[in-house]
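# Overview (structure and organization)
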Amino acid sequence: MNNKNSNSDILVIGAGIAGIEASLMLSKSDRKVHLIEKNSYTGGMSIKFEEVFSNMECSTCMISPKQQDLLQDKNINLIMLATVEDVKGSPGDFKVKIHKKPRYVDMDNCIGCTACFDPCPVSIKNEFEEGLSTRKAIYIPCAGALPNVPCIDTNNCLRFQGKDCQACQDACMFNAIDFNQKDEKIELNVEAIIVATGYKLFDPNNTPHYGYKKINDVYTALEFERLYASNGPTQGKIQLKNGKTPKSGAIIHCIGRDKQGYCSSVCCMYSLKFNHYLKSKIPEIQIFELYTDLCIPGKSHQKFYEKIKQTGTTLIRATDIKITQQGQKIAITHTDEKGKKRNIIVDMVILSPAIVPNTDASQLANILGITCDDLGFYKEENQNISSVVTPKPGVFIVGCSQGPKNIQETVSQANAAVGKILSASQEGING
Amino acid sequence: MNNSSDSSEDKGVVIQVKNTQKETVNDFLKKAMEQGVFDAVLISVKVPAGDSFAYVLLTDKELLKDTFPLPPIMSVQGAKAISSITRRGKGNKKIAAIMRPCEIRATVELTKLGQIDLDNIVLISMDCFGVMPTPSFIKDPEKSLKKFEDAIRIEDDTVMRPVCRICDKSSMVAGDLHIGTRGVQKDAFFIVSNTKKGKDILDKLGLISNKNIDTWLAKVKENAKEKQKKRKQAHKDLQSSIKNLDKFLDTFSHCINCHNCMRACPICCCRVCYFDSDKMKHPSDDYLRIAKSKGSIRFLPDTTIFHIGRMVHMSLSCVSCGSCEDACPMSIPVAQLFSMTADETQGLFDYIAGKSLEEPLPLTTFIKEELSEVEDVHD
Amino acid sequence: MDRKIGVYICECGPNIAEKIDIDKVIKAVSPLDDVSIATRYKLLCSEQGKKFLEEQIKKNGLTHLVVAACSPRDHQHTFMTICENAGINPFLFQLANIREQCAWITENKEEATNKAIRLTKAAIGRVRYHVPLEKKEIESNPDVLVIGGGIAGMEASLHLASPQRKIYLVEKTSQLGGVVTNLEKTFPDMQSCPKIIQDKIDQVTNNDNIKVYTNCEVTEILGFFGNFEGTVTQNNNEDKTTVGFNVGAVVLATGCALFDPTDDPNYGYGKFDNVITALEFEKMNLAGNIRLKNGKTPKSVAIIHCVGRDKKGYCSEICCMYSIKFVRYLQNKIPEIKISNFYTDLCLPEKSYQKFYEQSRGKKNDFIRIDSIKITNPGNKLTITHNDEQGNKKSHGVDMVILSPALEPSVDTKKLAEFTRISQDDEGFFAEEHEKLGPVTTSTEGVYIAGCAQGPKSIQNTLIQAEAVAGKILSSLIPGKKIEPEVKVAHISESFCIGCKTCLTVCSYGVITFDSTKKVCVANEVICRGCGNCVAACPSGAASLKHFTFNQLRQELKEAVL
């Protein structure tokens, strides 16, 4: 019996690396994909990194061909600034309601010349850059963002606050700015749903003993990634808040691990990557890595660790870490592995926080009819069947929305979800 | 042991010289043929006209007494001869080839390039004291031969070719057996084996490698060092005389595009040289367009690019044998230029052409950390 | 040759128009030979622009098209499609990037204009030597050969099998199931492995579209994506039969082996009684027979993590978890037993692992961090000696020692890698195509890897990779759909080739074979990826790359720099 649905579109939620991989793979088999992304850009978290472990490949160079393919793929309907509002129906026949916010810029007319940025009178902290630099109310989050089309932040745009301003529209030579764009409600009929909504980082404000936001030059991992990024707020120059080059730095692993109750599996590796970042820009910098257990599974990862060790980094197995300001510098008191209390003084601290679920994860779970586990990640049906399968047939969870993991595992899961969808709809197979 | 190393464990066989060195070598080869160690020998003889030398493949051991291993000129590069013999695959008979180290090295390179099958070939090299330029030799063959023999006796290389005068590999052992004559008493020479094949031959002939070859090694090392110094200086001089592109073009300005250098070169083994083919010929309108944009265009237009292209194609295997310069009717210092370039290109990969059959060609190897000095240092 | 080259310079809004004097560029290229028209346009990628170009090609009877505009990454495809629609071969087109590579990076307008002129001239110079290239289509076989009948192979087979796609599952031993058949439970859920495995075996055996061949050794794999020929030798008692398969894809799911601690003097494995490996313990536990050599029940056990980690140079990811699972096994079967786990770093990389560890700790077990360890057997009592965290020497006497060894590549990895022309990584596992984005594909198109054959991993991650492989195959090898191989491929001229095999040695994709009769190398254009390695390495100029010939590149360069 041929159970192939006349409607065979797939909904993919999230255009990060997992969502992009799944969409491209589905398109290859001639499936139509509706790829929903809540931000104005694609690429998710991975495009914030300059390099990825363990071969230090340029992250954007790795991902942007995929982003480019995505934008030119006729089978993929990319809906940006959009969220899923409602899901009804049954496996094989879901009825999805999407809420799409307007970009206020016409994607066909705009050529990405950025002439509309300068004239905008509003300047706000750029969230993509983790607040380390500013942007305008009409903006592209960073150089190289794809699609290369700005959007208007109505919360800060003067016009949308009731003031009379059309500076951006006046500057545009292509009639690309359209203040009259409206919110859209889109209804889709899909065969299956892949949830690839990613993660956020544990907020170190919840662990005040690390001094985050109280002491200058204590950065989170993402802030430091942006500092190092060549398209970031300092064009890749690693400098302290006072503009000076740090002579010493400490990278603290496992931020939030105790509170969250699990190991996020990627932080040790990216902390070692940070070591490499620092040494490559500041060869004489003295680096301390404070960790509890070194978690570096992965066949090529220990090699990388050995390489970093050889650069003279001091690795300290530490507990009871407390970070305080000491004059112009930062003091880190801790108990070392022998039980002795120690103190190190550094110029800069980088905190490697746990990977935690997105703030809206449980809300989306409700809409989709799936559940979250007690950590807040989407719950798989049974790990021993497949970690991408949920108790709701037709709804798959992939990437860090299911649990912390590295890019390789994320891509495998994205491929697996597509494998499961395509497998079930092979001709002659009963769903 | 491949060249002048100073390991005191190296031993060799001492052969006492009866009458002349040449006779004794030929005797050794005759004995080997008598005992069936090889069935034929590829060796130089003086041509009947008496004004040149050529390789012959001989099976009649009686003819060995008239042969002339390592003749005063290189009429044909020995590697080319071997290449012809196994062009269509190896034969069933064992052949011994006795030639100069650079010819042996070219043979090794051609084997790596899939052009020679060494299975039934035994390579025997001999210390080389140089080769005379062919054009000047044939002006007066008798007198030149005498000059040659005198020069060898006192190890004086002023009459030899420019590339030979700066050759530091004239005693390099790259084949199966090597006959060492440098620095030994006039009435003896060494035979050393380099491979299992070579050792088996000595065993079959009842020759035991138990004599200390230190004197020879020391002389070889000394000679190599001296030549390396001369080589460095010669290359420096050559480079400074061709320090820019215009000067380089001038060097080749009287090239007549005969491609003789390529034909004489042992490494140039292509059946159809790229530069002889239609690939370098363009539609006539294209020539006119170039002429229009530059004012005029030289014909034949691929004169210089032929040399650069040939350099790119063969430099990593160049053994500095000098055949190209001998063959050039316009006396362009091709060998000196190509030899100097080969030193540099091979030096980039720490490779010496023809030194070892086991060492793969640089283009076929991939090493992660290589040429980092020319890479953009990002991390 | 009557060429009519049309040159169109895009203003790209202010991007190019404000930074480059376009009229000057037009003036410079118009008089060139074969240029039949050179003009400017506001925005060539817009709908009007595309229409304009198509009309221009038709109206002017153009034979070649040059566009000076943005990056090929943006619109190469767009303009090639316009060529096709207008009736000229899409490869008779060249795009000069005067935006990203000129206007956007050159401040001085005069400099930028001169550079734009050179870039456009270079494109014109090159396009003269372009030749039409045609896309090809070849038939493909949707069937799959899965090598390895463990959980990865079975999972992949189950997801792939359909009436239109036959799966041939070959297994070296006499049974399906692989290493999981030796385990009692999985971690962290403590679910029954026999049930999981039997479930899979039943599904595979009952699936009409999967044919299982046990007692098989692979002897040859020839061909390429869409058209492989695999041969196995089946040993049935004394009979040996040869079986051949025609398939479109090959999956390597050959699992892994355990590091052998015999040669390591620190562990006493093979020397002392009651020092066993994890696998031996699993088997013992599954049989319900945890006993010492003398038949007695052990009262104390030491579990040593990271055995062989230093030698192998990587963490095997699952050993800490299964070592903790052993604590559960033992607590369950021998409640009074005293257990000590000796580890260097605790590796608990999944969301539920830490909880599993914390819930396994109890009064009767210790987790002790060590940096070095030695096992001795004085007076026939197994003794574990190590340094504690303060650096003091400590020793423990135990009845039984379980060693948790590293996972290493299976013995068949080298042979299979050679057959399929893929590489092994530095650790000896099959090398994936890309560490991040290509974990289950390899450098040979159509050859996939899954499970521990790719690297140590848990059952859950193995299942994921098997499903991922299925996804890859399902999306690229579609029954009835032809495969479109790459157009810009290498070609080796038979008359120029000297048979030196340099190209063969440098090809990473197994494209080149040596014809021993003609003594020349031959490139399989169907699997060639067009990387150009062979062309660069060829010492006789026999190898050339379509659309990147020596003349095309030479003309482009000449116009750009001279």
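Residues numbered from 1 in each chain as written. Chains lettered and ligands numbered in written order. Predicted model: local features only at pLDDT ≥ 70, side-chain atom pairs only at ≥ 80, totals over all residues. Heavy atoms only, no water.

## What to know about the pattern of salt bridges
Side chains that differ in charge, positive against negative, can pair when their charged atoms come close. Summed over the entire model, instances satisfying the criterion amount to 72 salt bridges over all chains. Between lysine 30 of chain B and glutamate 62 of chain B there is a salt bridge whose closest N-O contact spans 3.5 Å. Placement of the pair is lysine 30 of chain B in helix α1 (residues 21–34) and glutamate 62 of chain B in the loop between β3 (53–58) and α2 (78–85), with a sequence separation of 32 residues. With a relative accessible area of 24%, lysine 30 of chain B lands in the partly exposed category. Ionic pairing is found between lysine 333 of chain C and glutamate 184 of chain C, a salt bridge with its closest N-O pair at 2.8 Å. Here the residue lysine 333 of chain C occupies a position in helix α11 (residues 319–333), and glutamate 184 of chain C occupies one in the loop between β6 (167–170) and α8 (193–206), the gap between them amounting to 149 residues. Under the relative-accessibility criterion, lysine 333 of chain C is labelled partly exposed at 36%. Connected through salt bridges with shared partners, the residues Asp286, Arg289 and Lys292 of chain B together with Arg3, Asp33, Asp34 and Arg128 of chain C form a single ionic network. (Salt bridge = Lys/Arg side-chain N within 4 Å of Asp/Glu carboxyl O. Helix = DSSP H or I, 4+ residues; strand = E, 2+ residues; numbered from the N terminus. Buried < 20%, exposed > 50% of the residue type's maximum accessible area, 1.4 Å probe, protein only.)

## Some details on the packing of aromatic side chains
Throughout the structure, instances matching the rule amount to 29 aromatic pairs over all chains. The interplanar angle of 70 degrees and the centroid separation of 6.4 Å between the aromatic rings of phenylalanine 160 of chain A and phenylalanine 179 of chain A together place this pair among those described as edge-to-face. Of this pair, phenylalanine 160 of chain A sits in the loop between β11 (151–152) and α3 (167–171) while phenylalanine 179 of chain A is found in the loop between α3 and β12 (184–190), placing the two residues 19 residues apart along the sequence. Take phenylalanine 160 of chain A: its relative accessible area is 29%, and that puts it in the partly exposed class. Through a chain of ring-to-ring contacts, three or more aromatic side chains come together here, namely Phe224, Tyr228, Tyr270, Phe274 and Tyr277 of chain A. Above the ring of tyrosine 329 of chain C, the side-chain terminus of lysine 333 of chain C is found at 5.4 Å from the ring centroid. A cation over a ring is seen here: lysine 501 of chain C above phenylalanine 514 of chain C, with NZ or CZ 4.3 Å from the ring centre. (Phe/Tyr/Trp six-rings, centres within 6.5 Å; stacked < 30°, edge-to-face > 60°. Lys NZ or Arg CZ within 6 Å of the ring centre and 35° of its normal.)

## Overview of the packing of helix α1 (residues 17–28) of chain A against helix α2 (residues 59–72) of chain A
All names here are of chain A. Where α1 meets α2, the axes come as close as 10 Å, and the angle between the chain directions of the two elements is 50 degrees. One element, α1, and the other, α2, form an angle in the oblique class. The interaxial crossing formed by α1 with α2 has left-handed handedness. Listed contacts from α2 to Ile17, Ile20, Glu21, Ser23 and Leu24 of α1 are Ile63, Lys66, Gln67, Asp69 and Leu70. (Axes fitted to C-alpha atoms, helices over the stretch in contact; angles between N-to-C directions. Parallel < 35°, antiparallel > 145°, perpendicular 65-115°, else oblique. Left-handed = near helix turned anticlockwise from the far one by under 90°. Contact = heavy atoms within 4.5 Å.)

## Considering the sheet that holds strand β6 (residues 177–180) of chain B
Residue and element names in this part refer to chain B. Pairing in this open sheet of eight strands is mixed, and the strands run β3-β2-β4-β5-β6-β7-β1-β8 from one edge to the other. Two strands close off the open sheet at either side, each with one partner strand: β3 and β8 (211–212). Bridge analysis of β6 against strand β7 (residues 188–193) gives four bridges, and the strand direction is antiparallel. Bridged to isoleucine 179 within β7 is isoleucine 191. The strands touched by α2 are β2 (40–46), β3, β4 (95–99) and β5 (121–126); relative to β4, the strand with the most contacts, the crossing angle is about 165 degrees. Contacting β1 (11–16), β5, β6 and β7, helix α7 (residues 196–204) crosses the sheet at an angle of about 130 degrees to β7. (Pairing = 2+ DSSP bridges.)

## Remarks on the domain arrangement of chain A
Buried accessible area, meaning the area lost when the parts come together, often serves as the stated size of an interface. All names here are of chain A. For chain A, the assigned domains are domain 1 (6–101 + 183–198 + 358–424) and domain 2 (202–354). Computed over C-alpha atoms only, the centres of domain 1 and domain 2 are separated by 31 Å. Each partner contributes residues to the interface: domain 1 has 15 residues there, and domain 2 has 19 residues. Counting each side, the surface lost to burial between domain 1 and domain 2 is near 1500 Å², with a carbon and sulfur contribution of 64%. The interface formed by domain 1 and domain 2 contains zero salt bridges. (Domains from an automatic or database assignment. Buried area = accessible area lost by both parts, 1.4 Å probe.)

## Remarks on the nonpolar core
Ile138, Phe224 and Leu278 of chain A together with Ile20, Val67 and Phe281 of chain C are the most contacted members of the largest nonpolar core, which has 155 residues in total. Other than its neighbours up to four places away in sequence, phenylalanine 281 of chain C contacts Ile276, Ile290, Phe326, Tyr329, Leu330 and Ile402 of chain C. Formed by 81 residues, the second largest nonpolar core is a distinct cluster that contains Val204, Val469, Leu474 and Ile527 of chain C. (Core = buried A, V, L, I, M, F, W, Y, C linked by side-chain atoms within 4.5 Å.)

## Some words on the pairing of β6 of chain C
Looking along a regular strand, one sees side chains alternate from face to face of the sheet. Residue and element names in this part refer to chain C. Alternating positions in β6 separate into two faces, Ile167 and Leu169 on one and Tyr168 and Val170 on the other, with burial throughout. Note: strand β5 (residues 144–147) against β6, four bridges, orientation parallel. Bridging from a neighbouring strand, isoleucine 147 pairs with valine 170 of β6. The parallel pair β5 and β6 is bridged by helix α7 (residues 151–160), and the resulting crossover is right-handed. Pairing analysis gives four bridges linking β6 to strand β7 (residues 210–213), with the strands arranged parallel. Paired with tyrosine 168 across the bridge in β7 is lysine 211. Following the backbone out of β6, through α8 and into the adjacent parallel β7, one traces a crossover that is right-handed. (Right-handed = clockwise from strand over helix to strand, strands pointing away.)

## Observations regarding the domain arrangement of chain C
Residues and elements named next belong to chain C. You can read the domains of chain C as domain 1 (5–133), domain 2 (144–255 + 410–476), domain 3 (261–406) and domain 4 (490–546). Between domain 2 and domain 4, the C-alpha centre-to-centre distance is 31 Å. Across the boundary between the two partners, domain 2 contributes eight residues, which contact seven residues of domain 4. Here domain 2 packs against domain 4, burying approximately 570 Å² in sum over the two surfaces, 51% of which is carbon and sulfur. The largest contributions to the domain 2 side of the interface with domain 4 come from Phe224, Arg421 and Ser443, which together make up 71% of the buried area. The tally of links between domain 2 and domain 4 comes to one salt bridge.

## Observations concerning α2 of chain A
An ideal rise of 1.5 Å per residue puts 20 Å on 14 residues; α2 of chain A measures up with 21 Å between its terminal C-alpha atoms. Looking at α2 of chain A, one finds that the buried residues are Ser59, Met62, Ile63, Gln67, Gln68 and Leu70 of chain A. (Expected span 1.5 Å × (residues − 1).)

## Things to note about the interface of chain A and chain C
Tallying the contact residues gives 74 residues for chain A and 70 residues for chain C. Each partner contributes to the roughly 5900 Å² buried at the junction of chain A and chain C, and carbon and sulfur atoms together form 48% of this total. Counting the surface chain A buries against chain C, the share from its top three residues, Lys299, Gln383 and Asn384 of chain A, is 15%. Linking chain A with chain C are 11 salt bridges. In this structure, lysine 420 of chain A and glutamate 467 of chain C form a salt bridge, with 3.3 Å as the shortest nitrogen-oxygen distance. Applying the counting criterion to the chain A and chain C interface returns 36 residue pairs in polar contact (both at pLDDT 80 or more). Those elements that place two or more of their residues in the side of chain A that touches chain C are α1, α2, α7 (301–309) and α9 (407–424) of chain A. For the side of chain A that touches chain C, the element with the highest residue contribution is α9 of chain A, accounting for 12 residues. Split by residue class, the side of chain A that touches chain C holds 28 nonpolar, 28 polar and 18 charged. (Polar contact = N/O pair within 3.5 Å; in protein donor to acceptor, adjacent residues only side chain to side chain. Nonpolar A, V, L, I, M, F, W, Y, C, P; charged D, E, K, R; others polar.)

## Regarding the side chain of serine 316 of chain C
Among the structural elements, serine 316 of chain C can be located in the loop between α10 (309–312) and α11. Among all residues touching serine 316 of chain C, those that are not within four sequence positions of it are Ala406, Leu407 and Pro456 of chain C.

## Focus: the environment of glutamate 217 of chain C
All names here are of chain C. Within the element layout of this structure, glutamate 217 appears in strand β8 (residues 216–224). When its relative accessible area of 31% is taken as the criterion, glutamate 217 is described as partly exposed. Considering only alpha carbons, one finds glutamate 217 and glutamate 556, 339 residues apart in sequence, at a separation of 53 Å. Ignoring sequence-local partners within four residues, the contact set of glutamate 217 consists of Lys172, Thr231, Val232, Thr233, Asp412 and Lys415. There is a polar contact of 3.0 Å between the side chain of glutamate 217 and the side chain of lysine 415.

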